[in-house]
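Understanding the architecture of this molecule
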Amino acid sequence: MCHPHEDRWHTTSCSRWYTWCPLAHNAPSVSLGHAPPFSPGTQRGMTSNAPKRRVAVTLTQYLMSTQPAGSKGDFSLLMMAIQTAVKVVEKNIRRAGMHGNFGYVGDHAQNATGDEQAKLDVISNEAFKSHLASSEKVFIMGSEEEETGVAVNGPRRGCYIICFDPLDGSSNIDANVSVGSIWGIWRVDPATARAAKVESDAEATKLLLRPGNTLVSAGYAMYGSATNLVLSTGHNRVDGFTLDASIGEFLLTHPNMRVGKKKIYSVNEGNQSLWHPWFDQYVTSLKQGPKPYSLRYIGSMVADVHRTILYGGVFAYPDDTKSKEGKLRYLYEAAPMAFLVENAGGVAVTGAGRILDVVPTKLHQRVPVFLGSKEEIAKLQSFRDKALTSKL
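Residues numbered from 1 in each chain as written. Predicted model: local features only at pLDDT ≥ 70, side-chain atom pairs only at ≥ 80, totals over all residues. Heavy atoms only, no water.

1. Describing the overall build of the protein
Of the regular secondary structure elements, the protein holds 9 helices and 15 strands. Residues counted as buried form 53% of the 392 residues belonging to the protein. Taking all contacts inside the protein whose residues are at least 6 apart in sequence as the whole, residues at least 24 apart take part in 68%. Here the protein displays about 17,800 Å² of accessible surface, and carbon together with sulfur accounts for 52% of that area. (Helix = DSSP H or I, 4+ residues; strand = E, 2+ residues; numbered from the N terminus. Buried < 20%, exposed > 50% of the residue type's maximum accessible area, 1.4 Å probe, protein only. Contact = heavy atoms within 4.5 Å. Areas by Shrake-Rupley, 256 points an atom, 1.4 Å probe, with all protein chains shown as cover.)

2. Structural notes on helix α5 (residues 201–208)
If you check which residues of α5 are buried, you get A204, T205 and L208. Axial view of α5: buried residues confined to an arc of 100°, hence all on one face. The exposed set on the far side of α5, more than 90 degrees from its buried face, consists of A202 and K206. (Arc of directions from axis to C-beta.)

3. Remarks on the side chain of D319
On the secondary structure map, D319 appears in the loop between β11 (314–317) and β12 (328–329). One buried charged residue, D319, forms no salt bridge at all, with the nearest opposite charge on R384 at 6.4 Å. If we ignore the near neighbours within four places in the chain, the residues touching D319 are H276, K324, E325, G326 and P368. (Lys, Arg positive; Asp, Glu negative; His and termini not counted. Salt bridge = Lys/Arg side-chain N within 4 Å of Asp/Glu carboxyl O.)

4. Concerning the packing of aromatic side chains
What the rule picks out here adds up to 10 aromatic pairs. Judged by centre distance (6.0 Å) and plane angle (40°), the rings of F279 and Y282 are tilted. Taken together, the positions of F279 and Y282, both in helix α6 (residues 277–286) and 3 residues apart, correspond to about one turn of that helix. Summarising the burial analysis for this pair, F279 and Y282 share the class buried. An aromatic cluster is present here, built from W275, W278, F279, Y282, F370 and F383 joined pairwise through their rings. (Phe/Tyr/Trp six-rings, centres within 6.5 Å; stacked < 30°, edge-to-face > 60°.)

5. So, the sheet that holds β11
Sheet strands line up and pair through hydrogen bonds in the backbone, either parallel or antiparallel. In spatial order, the strands read β10-β9-β11-β15-β13; together these 5 strands make up an open sheet with mixed pairing. Two strands in the sheet have a free side with no partner beyond their single neighbour: β10 (294–295) and β13 (347–349). For β13 and strand β15 (residues 369–372), the ladder comprises 3 bridges, and the chain directions are antiparallel. Note on β15: the bridge partner recorded for A348 is L371. Along the sheet, helix α7 (residues 301–311) makes contact with β9 (264–266), β11 and β15, crossing β11 at roughly 150°. The sheet strands contacting helix α9 (residues 374–390) are β11, β13 and β15, and the helix crosses β15 at an angle near 145°. (Pairing = 2+ DSSP bridges. Axes fitted to C-alpha atoms, helices over the stretch in contact; angles between N-to-C directions.)

6. Details of the side chain of D244
If you trace the backbone, D244 turns up in strand β7 (residues 239–244). Polar side-chain contacts of D244 include one of 2.5 Å to the side chain of S246. (Polar contact = N/O pair within 3.5 Å; in protein donor to acceptor, adjacent residues only side chain to side chain.)

7. Re the pattern of salt bridges
Per the stated rule, a full pass over the model turns up 13 salt bridges. Salt-bridge contacts for R329 lead to E144; the nearest nitrogen and oxygen are separated by 2.7 Å. Of this pair, R329 sits in strand β12 while E144 sits in the loop between β1 (138–143) and β2 (150–151), and the two are 185 residues apart along the sequence. A single burial state applies to R329 and to E144, both of which are buried. The network of salt bridges with common partners includes E126, K129 and E146.

8. Topic: the sheet that holds β1
Strand order in this open sheet of 8 strands is β2-β1-β3-β4-β5-β6-β7-β8, and the pairing throughout is mixed. A strand with exactly one partner marks an edge of an open sheet, and here the two such strands are β2 and β8 (249–254). The pairing of strand β3 (residues 160–168) with strand β4 (residues 179–187) spans 7 bridges and is antiparallel. Bridge pairing links D165 to I182 in β4. The strands touched by helix α3 (residues 119–134) are β1, β3 and β4; relative to β3, the strand with the most contacts, the crossing angle is about 155°.

Shown next as structure tokens:
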């Protein structure tokens, strides 16, 4: 039986990695619980004048070394399945042009949310579903590419619920723009999961409808010039890993990520004519003064949020006169990213309140998204509050 708090990580990280790793000099330390890997010049009786080289910590080592004492390792096994799925997706993206996997599925096929479905959407969705199910740690899955929840029945059922966008930003894939995968993880009582009889798709979907404030973990992978995997299990900590293709492992390169302080705004200004007046006024204010903000917008949520965490500023996808509920989906886009941003020291709101406090009523529910540093979100919120006050 899973302990109620097993697999909730400690707030420590690792300190041994290659000397080339960024941020390595700022890293806290934690014992891995075993001797460092064998390397030339460290054998008994041998001496060497070569400089000592720090050893990289892999994601697998990180997971195993930070799980609580007495843990069965269920969360670690789930994360190993996710990292395998990410590697499969990454490999298919790299080879897409050679294997004819660019472009869209024939006959203008659409996914469950009405977006035109790319070939790589289908490949990525199958990779996540198959590896998550094989982990034997999943209860129910929800995906952008599926109309309903997908229950894992029989002896392979676990105690985790996961919602994911297997390939976010796939409309950019043919242009070689950074894309990504996003996931959020909830945990249910193991006895409840074992006893539950999920006999229909509607029942599976209903069990997925959980607020973001009950997430136990969230993360994303970004496929670009490098492949990054960023994750958090709460406790005000977010850690980033980079795939070393030469050894096939994710290495800890960005420990304890914190939202930066740069003055950057990220929004699709092509929608300006549809914006509500208060948001239009807010964006206009960012362009004024002796030091106007820089505009950076990629059009792939993973890439834009990744930059916002590293550099700072604000990422916004507001509701408008066309998309009255917003554009981004709650369970597998907004909530996981809000969890990560908050644990990196930032703020994430819908305008009307905290994103993580939204209680979804539909699997593919959409919400407005504003996230970034505390200072920038406070400034944005002041424009909305002023607009509401003026209407009273």
